[in-house]
Structure formats: structure tokens, C-alpha cells
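Geometric and topological summary
In case you want the letters, here they are:
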Number of protein chains: 2
Amino acid sequence: MATNNLRSAIENFEELFRRTLFVEQNDINETRQDDGEHFPDSISMSAESEVDDQPTAHTACPTSPLSQHKWVQVDSQDFENSPKSPARPDSACGNADPYDYLVEEEKECVGFARLVKQVQRNAVRQGFEFTLMVVGESGLGKSTLINSLFLQDLYKDRPLSGPRERMYQTVAITKKTVDIVEKGVKLRLNLVDTPGFGDSMNSTNSWKPVLDYVEQQFKHYHIGEASPNRKNLQDHRVHCCLYFISSFGHGLKPIDVQFMKALHRKVNIVPVLAKADCLTPSEIQRMKVRILKELDENDIKIFQFPECDPNEDELYRQQDLEIKKSIPFAVVGSNTTVEHNGKRIRARLYPWGVVEVENPAHCDFVHLRNMLVRTHMQDLKDTTDYLLYENYRMQLMCQNQAH
Amino acid sequence: MATNNLRSAIENFEELFRRTLFVEQNDINETRQDDGEHFPDSISMSAESEVDDQPTAHTACPTSPLSQHKWVQVDSQDFENSPKSPARPDSACGNADPYDYLVEEEKECVGFARLVKQVQRNAVRQGFEFTLMVVGESGLGKSTLINSLFLQDLYKDRPLSGPRERMYQTVAITKKTVDIVEKGVKLRLNLVDTPGFGDSMNSTNSWKPVLDYVEQQFKHYHIGEASPNRKNLQDHRVHCCLYFISSFGHGLKPIDVQFMKALHRKVNIVPVLAKADCLTPSEIQRMKVRILKELDENDIKIFQFPECDPNEDELYRQQDLEIKKSIPFAVVGSNTTVEHNGKRIRARLYPWGVVEVENPAHCDFVHLRNMLVRTHMQDLKDTTDYLLYENYRMQLMCQNQAH
């Protein structure tokens, strides 16, 4: 599945380059004929370090990370006797536990199929990092949705500015980091908020501070990547931008179009229809059709979900299909938990009924959460890395060549 | 009650003048000491024509309305035998039918108490005219609410412009007129809409075309009032402006404050909390408190409801109290009628329940309709006439004196 994602990302990448201005240089296609060349340097590098994972003469170079590496002798007997971690992760795709002993059929193989498990083990050890940006006018329930998605209370006791302060307010960028551990898997979640977006009387340049921030993260990463010591290379590139569209409008607002047009080649935009509990099912359907039509008319490319691997199980494929059908996700968030039918749920209590946030018959919250956390978080990171960041890097190279 | 309204309107008027810049001229209070002087010329004129309601030598002046008046001889016998109109109006305040025969206690009176009934009869014959303006960002359900209020389908098949067209859209002013007859009472309803308000990227001057329109109506009326032939004097002054506040915001938006600050001395502003079915009862309460606080902080004077006459019946006083408690009215509109508990109602059908537009437990729609149509339509007209228009006229006089 990872290879498929990579291939589809590369295809998207090439498609994007065909669309961009600088793609007209003839030599790009020529240098990209060999599939192997598509893999970024960082991946080849990590494969090399896997091979070099022994104390050798490589440590001669003082800037090499190996010079600082401390080798620890582990007795194999100790390892076998050590208790299994109770917090070991279940594979989302139904794969076997990476620590399982060899099964019968594997005894006749060389064993490189287990490389996948090695990568998985390393990833679990290192933990994951994900940067999510939320953009939209104030009052569209951004904070409540984030709280509902990650079951945290990340935004409480926020000071709300009055209309006079907001009249000529500029867009600020704030960042919060939260470490979440679930079944032994660590996720460092960076949440980038954009208070003030669309609030001012004149919203003509609301998109600009956001674009500047996203580009700045690319720039920092680029500088870090070129530095001699990359051991502590920080990656704060924005992997996903949840863009909140008001359910009150008749489709997209001018500010929505302007923002997405300015940012869609820099960040994965995932549009959400905010506070969808004020729309009836037929209104939601009409609104979704209208939004997708207007995105198309304005040539805005939101995040493209990769094709689902046909080898995936039926349940996964069904989930993938439902996610794709739900775009833009009509969502409802809530900070209120209530006892309903014997279990505690996040809900909104109206005099005429209870909106259950996690009920797919009420809204697409579950599909959004599945997409964002369970099925496509890695795809969002890959697309940022292989497509959007590479696009930025190439633009930079072209600019440097031009000077 | 009419006298009480008038008195409270006059008090408001004086209060407003005290607040305005030009009130600092010392001579205003002096010329306004006699209560009788507060009555505008038009009222005195109509009282005169009541007295002059006989063919006399007054017709000598060719511009006098009497010169064109056709006298019709009515046989009193015919009048008594004529059938009662089946469409005769019920009095909203529970007064007796103006056409009823004299009751026992009236036989001992001179009879001028019946003047009230004469005015009422004339008003019914002439019909009523009311101009309502609706202002608010697109998508806040203005058209749907108007349809729900007057049980009409006034806005159908409207072309909705896309986000690109709306990007630099200016505010337009459109007007529709509809004649409604209910129990023999005719109401000519002028509906002024402001499409494009708040839709553009830069909404800094969204309020200006609306203010220009309101002032233009005052100007037309002022010219008409000074003309020799006032028989066909058209009154298109805006009597009420329903201002739609989004339920999504955290209180008022900058555009709301700017609009209301610019218009509150020119038109009766009645704020409504639009599409309130996306707020839970506690959220509605918090939002209302916040809006009222922000209106106060920004020194915005919305329409002030006159004190309820203590002689009114209990039901009326209760209704009046509920109306006053509901401000800003949290409303829900719907173009969909459904069969619910055996009767057809306007409602919104969600998967989690049915929002009944006319259910006071669901929203303040009924209170708004009662205020606008059943109890305070005449107050809104009176305040426009005696307070806002007089304010405009005095400003004009001061300007003319200055030149």
C-alpha cells in the first residue's frame, strides 16, 4: 500500500508539474524516466543507515551521526524473556504483530519481507508527528471540532475579542503541541490555528499570513535538510489544512475561493462543511454538489485521495469509498458528553432532538476522523513530502538558477 | 393606547435629540414645551378634513383636494339594511366591532368616544401600508423568514451568484410590493431587500447604499409633503429594518456594528438571530446576552418598544412581556410545510427531530410575527413618522439655516 501511495503521489506530482508554469522546461521529464529516481534522498539515506548499523570506520567524520551513537550490547536471552509490551499497537490494516515469532511458511524464505515489520517497529519506537492546520471564519466550530476529533480539551477559556477589536484585526498564527499516546503509539500533534481569519471588515488579504507561514515551514525544513547535522531535523511542515466552509452560505464565499486558490499548491486542503446540524440531509447534499462544482470551476485542487489498494479487505475498501463520497465532510462537533442509550457520547441537545456527533446518519464526523487519523494520515504526510515540498524545492531551484 | 404610544415616542424623540449633535442648540427645548406641538401637521390636517367633510366654498382653490372630491348621497335606510361584511376585521386588542349598534350606556353620552371607531373605520377603508427592510449577509435565511412571516412565496427561483461574481459585488437595493388581504383588512407590504450586503471581500462600506436608500425615502416624502397636491402623497419610508445576525458568530461581527451604528437614527432596527436552530437553548441565551451587551457598549439604539398600557388585558400584557424578553429574536424560517400531529405546519426536518417554526419552545418566530404584525406595526410606523423622520427634517432645517 505504501508503494501504491508513493506511485499515486508521484503521478499527482507530475500532473501538478504539468500544470505549473515552470513545467515547460523540457528536461524535467527526461530526468524522471527511471522510477527509482522518484524516491527522495531521505528514503535512500535511511536505507543506507540500516546497512551501516554496525560500528565501522565511518565514524571518522566528526559531523556524522554515527560518531555520537552509543552501542548497547543486548543479550538475546534477555530479549526473549522480556515481557511483551502491553501497550503494543494493533495494526490498523489488520497485519500481524511485528513481534510475533516466525510463522511456519516464513522459515523457508530469505526473510526480507520482514523489512516492512522492521520499518513498522522503528516507526513505533520513534513515534509519529503530524501538523494539522485549521482555517475558517471565527464561530464555525473549529476548536470544538478539534476537541471532538482528538478527545482533548485543547481550546478552553479562550478570550473572545469583541466586534470593535475585530474590525481591523489581522490574522494571527498560533501553534499548540500535544502528545497523545494510544495503545503504545505516540503521536505528537501540532495544531496550527489562524485566529482572526475572515473576521476583519476587509478580508482581501486574509490568506497571505497563512501562506507565509506554510512557506516558512518549507523554508525551515529546507535549511535543516541542507545542514551537516540532520539528527534533530525538525519537521513542522503543515501536512493538512482543514478548511471550514460555513453551512449558512449558498456554496463557497469569495474568501473561501481566494484562500484555497492561494494555498492549494502548498498544503493538502481538506474542506469541511462546518456546523452541518443546521442543514437538512437534502440541503447538505445540494450544498456539497455546489461546493464541488465551484471548486472545479475555480480550478482548485483539494487533497486527492489515493486509489484504494484492491488487495485491501472489504471493510477497509468500504470505509475508503464512504470517505471519498463524503467530501466535503459535513461535520458537527461538541464539547458536551451525554448519556444516551446507555453509553456516553458527544452530542448536541436541542429541544427537538439529540445530534450525535459520531452517528454517521447525523453527520460525516466519523468519516473525517477515520480519514484524518485511521486511514490517510500517512498519505497526507507523504503528499506533503513528495509532492508539495518537492514542488516548493523545485521552484526554489528554478528561482536560484534564474538569478 | 395610541396616545400612550405617541407620548412614549415623543419622549424617545426628545431623548434622541438630547443625544444628537445638533441638540446642543438651545432653542429646541423651548419650542417643544407644549405637548400639542409634537403632533405632526399631517395629523392635524386629517382632523381638519374630518370637520370639512361637507361641500363648501373651500373648493375655490384649484389645488385643494376637495375640488376633486365626488360627493355621494347615501340613504341611511340602505346603510342599515346592507349586509354586514363577512370579512370585517376582528380587533387585535379585543375592542368592539366599529359597526356595532349603540350599546345602552352610550345612549347617554355625547358620542365623541366613537371618534376612535371613526378613525378605525377610515383606516380599514384606506388599507394599511408598511415598508419592511431586510438586511444581513446572504445565506442567513432572510427570504425564507419573510415567506414564513407573511405566508407568501415572495422569493422563488432567485438566481444565486457564484463566489467569483460576489468577490467585488456591491450592495443592491431591490423592492417588492405585495397586497395582502386578511379578514377584510388590506395591507400593502413593501419589502426592501439588500442583496450583496456583506458578501464582498471588502465590506467596509456595505452600509452606505442602505443608508442612502433610507435617506432618499425621507427626502421623497419631504418633497411630497411640501408639494401643493398631497392627495397621492406616497410614503415609502422604511418603517422597520430586520437586521439578521449570524448564529455562528461569537456575538456581533464588525459589519453588524458598523451597519447598526450608521443606521440606528434613521430606521427602526429590530435585530434577529438568524437560523437559530443551530444553537441549543443555553447557547441562544448566552448569545442574546452577548449581543445586547455589545449593542450597549457600542451605543446602538435598536427599536425601543413602548411601555405596555396597564389597561390592556392580561393576555396582551403577557404577550408584550414575552416579545420584549425575546429581543434579539432567535428565529427559524422554513419554506417546507409538513403534516405534524394532524395539522400542517412550517417545519425543518432533521434526522434527529422536527423543528417547528411556530413553536415558541423551539424559537422566537411567533414573538417576532406578533410584534411585527399583530401588536407593534403601528408603533413602528409612528416612531418612523414622529421620531426618525422629524429628526431628519430638523437636521435638514439646521443644514439649510447654516447655508
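Remember, it's a predicted structure, so these values are computed and weren't measured experimentally.

About the criteria used
- Residues numbered from 1 in each chain as written.
- Chains lettered and ligands numbered in written order.
- Predicted model: local features only at pLDDT ≥ 70, side-chain atom pairs only at ≥ 80, totals over all residues.
- Heavy atoms only, no water.
- Helix = DSSP H or I, 4+ residues; strand = E, 2+ residues; numbered from the N terminus.
- Buried < 20%, exposed > 50% of the residue type's maximum accessible area, 1.4 Å probe, protein only.
- Contact = heavy atoms within 4.5 Å.
- Areas by Shrake-Rupley, 256 points an atom, 1.4 Å probe, with all protein chains shown as cover.
- Least-squares fit on C-alpha atoms with pLDDT ≥ 70 in both.
- Salt bridge = Lys/Arg side-chain N within 4 Å of Asp/Glu carboxyl O.
- Buried area = accessible area lost by both parts, 1.4 Å probe.
- Polar contact = N/O pair within 3.5 Å; in protein donor to acceptor, adjacent residues only side chain to side chain.
- Nonpolar A, V, L, I, M, F, W, Y, C, P; charged D, E, K, R; others polar.
- Phe/Tyr/Trp six-rings, centres within 6.5 Å; stacked < 30°, edge-to-face > 60°.
- Core = buried A, V, L, I, M, F, W, Y, C linked by side-chain atoms within 4.5 Å.
- Pairing = 2+ DSSP bridges.
- Axes fitted to C-alpha atoms, helices over the stretch in contact; angles between N-to-C directions.
- Parallel < 35°, antiparallel > 145°, perpendicular 65-115°, else oblique.
- Left-handed = near helix turned anticlockwise from the far one by under 90°.
- Expected span 1.5 Å × (residues − 1).
- pLDDT = per-residue confidence, 0-100.

Assigned secondary structure in chain A consists of 13 helices and nine strands. Looking at chain A as a whole, 45% of its 403 residues are labelled buried. When contacts within chain A are restricted to residue pairs at least 6 apart in sequence, those whose partners lie at least 24 apart make up 70%. As displayed, chain A offers around 22,200 Å² of accessible surface, 51% of which is attributable to carbon and sulfur atoms.

The transformation that overlays chain A on chain B combines an axial shift of 0.0 Å with a rotation of 180°, and the residual RMSD is 0.1 Å. What the rotation and shift describe, once combined, is the action of a two-fold rotation axis. Ranked by how close their C-alpha atoms come to the rotation axis, the residues of chain A are headed by A:N202, at 2.1 Å.

Tallying each qualifying case throughout the model produces 36 salt bridges over all chains. Residue B:K253 is joined to A:E137 by a salt bridge in which the shortest nitrogen-to-oxygen separation is 3.5 Å. Pair noted here: B:K253 is in the loop between β4 (240-246) and α9 (254-263) and A:E137 is in the loop between β1 (128-135) and α6 (142-150), and the two residues belong to different chains. Comparing B:K253 with A:E137 shows no difference in burial state: the two are buried.

Let's shift gears to the interface of chain A and chain B. Taken together, the contacts link 50 residues of chain A with 50 residues of chain B. Summing the contributions of chain A and of chain B, the shared interface buries around 4,300 Å²; its carbon and sulfur component is 60%. A per-residue breakdown of the area chain A buries against chain B is headed by A:M201, A:F248 and A:W352, which together make up 22% of the total. For the pair chain A and chain B, the number of links is four salt bridges. Across the chain A-chain B interface, the total number found is eight residue pairs in polar contact (both at pLDDT 80 or more). Residue assignment for the side of chain A that touches chain B shows that the elements contributing at least two residues are α7 (163-166), α9 (254-263), α10 (281-297), β8 (343-350) and β9 (353-356) of chain A. Looking at which element gives the most residues to the side of chain A that touches chain B, the answer is α10(A), with five residues. Split by residue class, the side of chain A that touches chain B holds 21 nonpolar, 16 polar and 13 charged.

It is worth spelling out the packing of aromatic side chains at this point. How two aromatic rings sit relative to each other is given by the distance of their centres and the angle of their planes. Residue and element names in this part refer to chain A. Tallied over the full model, the rule gives 19 aromatic pairs over all chains. Relative to Y392, the ring of F218 lies with its centre 5.2 Å away and its plane at 35°, an arrangement referred to as tilted. Here F218 is found in helix α8 (residues 207-226), whereas its partner Y392 is found in helix α13 (residues 377-402), with 174 residues between them in sequence. Overall, the relative accessible area of 1% leaves F218 in the buried class. The class for Y392 is buried, based on a relative accessible area of 10%. Consider the rings of Y221 and Y389, whose centres lie 5.2 Å apart with planes at 85°: the pair is edge-to-face. A residue pair is termed long-range when its members are at least 10 positions apart, and Y221 in helix α8 and Y389 in helix α13 qualify at 168 residues.

Moving on, we get to the nonpolar core. One broad trend across soluble globular proteins is that nonpolar side chains are buried collectively. Among the nonpolar cores identified, the biggest contains 146 residues, and A:L242, A:F329, A:L368, B:L242, B:F329 and B:L368 are the most heavily contacted of them. In this structure, B:L242 is in contact with B:L132, B:M133, B:V134, B:V135, B:L145, B:I146, B:L149, B:V270, B:V272, B:L368 and B:L372, ignoring residues within four places of it in sequence. Counting residues in each nonpolar core, the second largest holds six residues, with B:Y221, B:L388, B:Y389 and B:L396 among its members.

Moving on, we get to the sheet that holds strand β4 (residues 240-246) of chain A. Residue and element names in this part refer to chain A. As summarised here, the arrangement of the six strands in space is β2-β3-β1-β4-β5-β6, forming an open sheet in which the pairing is mixed. Since the sheet does not close on itself, it has two edges, and those belong to β2 (174-182) and β6 (329-330), each with one partner. The pairing of β2 with strand β3 (residues 185-193) spans nine bridges and is antiparallel. What sits directly across from V178, in β3, is L189. Each of β1, β3 and β4 is contacted by α13, which is oriented at about 85° to β1, the strand it contacts most.

All names here are of chain B. Of note, G333 is situated in the loop between β6 (329-330) and β7 (337-340). By relative accessible area, which is 17% here, G333 ends up buried. Considered as a pair, G333 and V124 are 209 residues apart in the sequence and their alpha carbons are 30 Å apart. Look past the residues within four positions of G333 in its chain and what remains in contact with it is T144, L145, S148, R348 and V357.

Attention shifts here to the packing of helix α6 (residues 142-150) of chain B against helix α12 (residues 365-375) of chain B. Residues and elements named next belong to chain B. Across the interface, α6 lies against α12 with an axial gap of 10 Å and an inter-helix angle of 70°. In this view, α6 runs roughly perpendicular relative to α12, as classed from their interaxial angle. Viewed along their axes, α6 and α12 form a crossing whose handedness is right-handed. Contact residues: α6 offers L145, S148, L149 and F150, while α12 offers F365, L368, R369, L372 and V373.

Turning our attention to the pairing of strand β9 (residues 353-356) of chain B. Judged from the four bridges that link them, strand β8 (residues 343-350) of chain B and β9(B) form a sheet pairing that is antiparallel. Directly across from B:R348, in β9(B), lies its bridge partner B:V355.

Under the 1.5 Å per step criterion, the end-to-end length of helix α5 (residues 115-126) of chain B is 16 Å for twelve residues, consistent within 8% with the ideal 16 Å. Two residues or fewer after α5(B) comes B:G127, characterised by a positive phi angle close to 85°.

Here we take up the side chain of A:K381. Its location among the elements puts A:K381 in helix α13. With residues up to four places along the chain from it excluded, the contact list for A:K381 reads A:E129, A:F130 and A:H239.

Here we come to the confidence of the model for chain A. Residue and element names in this part refer to chain A. Averaged over all residues, the pLDDT of chain A equals 77, while 71% of them reach at least 70. Confidence drops under pLDDT 50 across residues 71-80; counting only partners more than four residues distant or on other chains, this segment forms four contacts. Note that pLDDT drops below 50 for residues 82-99; the model gives that stretch 18 contacts with residues more than four away or on any other chain. Listed scores for the predicted complex are pTM 0.73 and ipTM 0.71.

Residue and element names in this part refer to chain A. As a packed pair, α8 and α9 sit with axes 10 Å apart at the nearest point and diverge in direction by 20°. What the angle tells us is that α8 and α9 run roughly parallel. Helix-helix and strand crossings are classified by hand; for α8 and α9 the assignment is right-handed. Between α8 and α9, the residues in contact are W207, V210, L211 and V214 and Q258, F259, A262 and L263, respectively. Looking at the contact of α8 with α9 residue by residue, the class counts come to seven nonpolar, one polar and no charged.

Right, let's get into the pairing of strand β5 (residues 269-274) of chain A. All names here are of chain A. Burial within β5 is extensive, with six of its six residues counted as buried. Alternating positions in β5 separate into two faces, I269, P271 and L273 on one and V270, V272 and A274 on the other, with burial throughout. Where β4 meets β5, six bridges bridge the pair, whose relative direction is parallel. Paired with L242 across the strands is V270, a residue of β5.

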